[in-house]
Every structure is written in C-alpha cells, then in structure tokens.
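Examination of the molecular architecture
Spelled out from the first residue to the last, the chains are:
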Amino acid sequence: MIGKIIKGIGGFYYVAAEDGKLYECKARGVFRKEGMRPLVGDDCRIEILDAGKNTGNVEEVLPRRNALTRPAVANTDQAIVIFAVSSPEPSFGLIDRYLVGMSYVDMPVILVLNKVDQNRERAETLCEIYKKAGYPVLLTSAKTGEGVELLRDILEGKTSVLSGPSGVGKSSLMNRLFPEFGAKTGEISEKIGRGRHTTRHSELSLVGTDTYLCDTPGFSSVELPERVDEESLPLCFPEFEPYLGKCRFVSCRHLAEPDCAVKEAVEQGEIGRSRYASYQAFQELLKNRRKMEWK
C-alpha cells in the first residue's frame, strides 16, 4: 500500500495511507544497511502487519523530489523561515546560516518577519536588507493579523516546511491561519526572552486542498552544510551573483583582496553590510573547519 510519512518519532513512522488510515510503521533494516532513513514527507510503500492495530513496515521509499537535512523533511515546495523582529531579538548570523543552507539545496525560501507590531522600524530595515539580497519577505503580526492573508496565499496548494527559532510566533501564526492545525502556542520565558519549544518533532499536516504544512522544532543554532566550502560559499549569497567574476583576481575570495567587485558593492550599499559580515564570519568558520580536518 502507498502512503505518505507524516511523522517520525522514536523509531516509528506514522504513514497516512491511500485507504485513509494512519499506520504506525517501523523501517526495515535495509535502510540502515544503505545508510538511508525515511523522512517526514516521503511517499513510501508499506506492508500491513496488523490491519486491526494499524501497524506495518516501511518497505520502500519512493523517489524524492528533494530532501533537506535540517529540518529533515522530503518533497517540499518551499521553506517558510519565520523570525521575530523583537522578543526574541533577531540574529543576522542565524538567519543567514539558515538561508545559506537553503540556497545550497536550491530550496525556494520566503522570509517571514513576525511581530512587526512590536518594532515597525526594525522590521522595515530587515525587510530592505533581505529584499535587496533577493529573498521574498513578508511582514506579519499574529497579534493584529497583518500579512496573515498574504501568507495564506503563499501556502495555498503547496507543501511548505515551517522553520524558525523558538518564540518567534510560528505556532500563533499557524493557529490564526488554520485553527485546525492544533499547534500549541508556547509561553515566552521572561527570564531569557525566548520561547519554549512547542514542537518536538517534524510533522506534516494537510490543512487544505493540496496544501501541506510541515511544522518543525524551533532551533537556537544552525550549522553550515558540510558540503559548503570556501569556494562555493559566495554562490550561496544571491546578491553576490552580479559581481562574481568581475574582481581583479579570478580566485578572489572577497575578503582582503584589492579591487574586489563584491566589496565595492558593499561600500556602495548594493550589498547589505550585515550580510557581508555574515559572509566574512562564515568564511572564517569554514577555514577553521578545514584546518581541523587536516589534523
């Protein structure tokens, strides 16, 4: 029987099958031997073990359109990355690390800046930086409803993965859009100014005609993809593209080299300074990672 994995937790995979039932399945050992594991969003073939108890085995994962590693999810059309403009304070480094990861796997990204009612000026500044970088940006407020209907239009008819740090209002936005979504809103800890994790695992939900949402756990850190290196990193910054190949040196890393077209674009305001600062920090991180690999 064919089905779709909507949740994976504790070694069990919950498959919404073509007969309309939800089956609790284990993955066959062949997946471990092949170094592969099923992901939320996978279309799969299952063997029914006990029809009365709705249990089975995942026999085969059908060909994927794409797959992400963080969050671990397959067959998505777009990533909706949600950050708050306040409470918690936005981190440029965290936003940019996540965007690099999505760029590397060629995943379309929509950046949602929530809680705009708390700091309109900062929201507009962030919006300008990331629109200039080539990313669609949507300003929203789960409290006032601003931007909510536009977000609904973006989600309609697609499979979207929802990601963002804890406490940014992801669950509140989704509950306002889709009350049946059932995501619990978390309290904001007054002591540390961050939200408690309200989602413990990735889970796919059907919320409308051909409209799926994959909710993922909040994060406080993001690692750069292992396959990104010092040479490929510039390609993960879309706003660098018009200037690549126009530097004085063919091998320019856009750091200390003279006559660098990228650095000139930063000075002229064509590339955001915060984005370039993230690029510099990531290059240093990759250099240190390479040194560790040589040891």
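The coordinates are above.
All of the points below concern the structure found in this document. Only a predicted model underlies this, so the values are computations on that prediction, with no experimental measurement involved. (Residues numbered from 1 in each chain as written. Predicted model: local features only at pLDDT ≥ 70, side-chain atom pairs only at ≥ 80, totals over all residues. Heavy atoms only, no water.)

Summed over the entire model, instances satisfying the criterion amount to five aromatic pairs. Taken together, a centroid distance of 5.0 Å and an interplanar angle of 70° make the contact between F240 and Y279 edge-to-face. Of this pair, F240 sits in the loop between β13 (211-215) and α6 (261-267) while Y279 sits in helix α7 (residues 273-294), and the two are 39 residues apart along the sequence. Residue F240 is classed as buried on the basis of its relative accessible area of 0%. Here the aromatic cluster, defined as three or more aromatic residues joined through ring pairs, consists of F237, F240, Y276, Y279 and F282. For the cation-ring pair, K4 lies above Y212, with the distance from its terminal atom to the ring centre recorded as 5.7 Å. Over the face of the ring belonging to F12 we find K26, whose NZ or CZ atom lies 4.7 Å from the ring centre. (Phe/Tyr/Trp six-rings, centres within 6.5 Å; stacked < 30°, edge-to-face > 60°. Helix = DSSP H or I, 4+ residues; strand = E, 2+ residues; numbered from the N terminus. Buried < 20%, exposed > 50% of the residue type's maximum accessible area, 1.4 Å probe, protein only. Lys NZ or Arg CZ within 6 Å of the ring centre and 35° of its normal.)

Let us now look at the pattern of salt bridges. Under the counting rule described, the total for this entry stands at 17 salt bridges. Between D43 and K4 there is a salt bridge; the shortest N-O distance is 3.1 Å. Here K4 lies in strand β1 (residues 2-9) and D43 lies in strand β4 (residues 43-50), a separation of 39 residues in the sequence. Residue D43 is classed as partly exposed on the basis of its relative accessible area, which comes to 27%. For K4, a relative accessible area of 18% puts it in the buried group. In this structure, R275 engages D96 in a salt bridge whose closest nitrogen and oxygen atoms are separated by 2.9 Å. Here R275, found in helix α7, pairs with D96, found in helix α2 (residues 92-104); they are 179 residues apart in sequence, far enough to count as distant. Side by side, R275 and D96 carry an identical accessibility label, which is buried. (Salt bridge = Lys/Arg side-chain N within 4 Å of Asp/Glu carboxyl O.)

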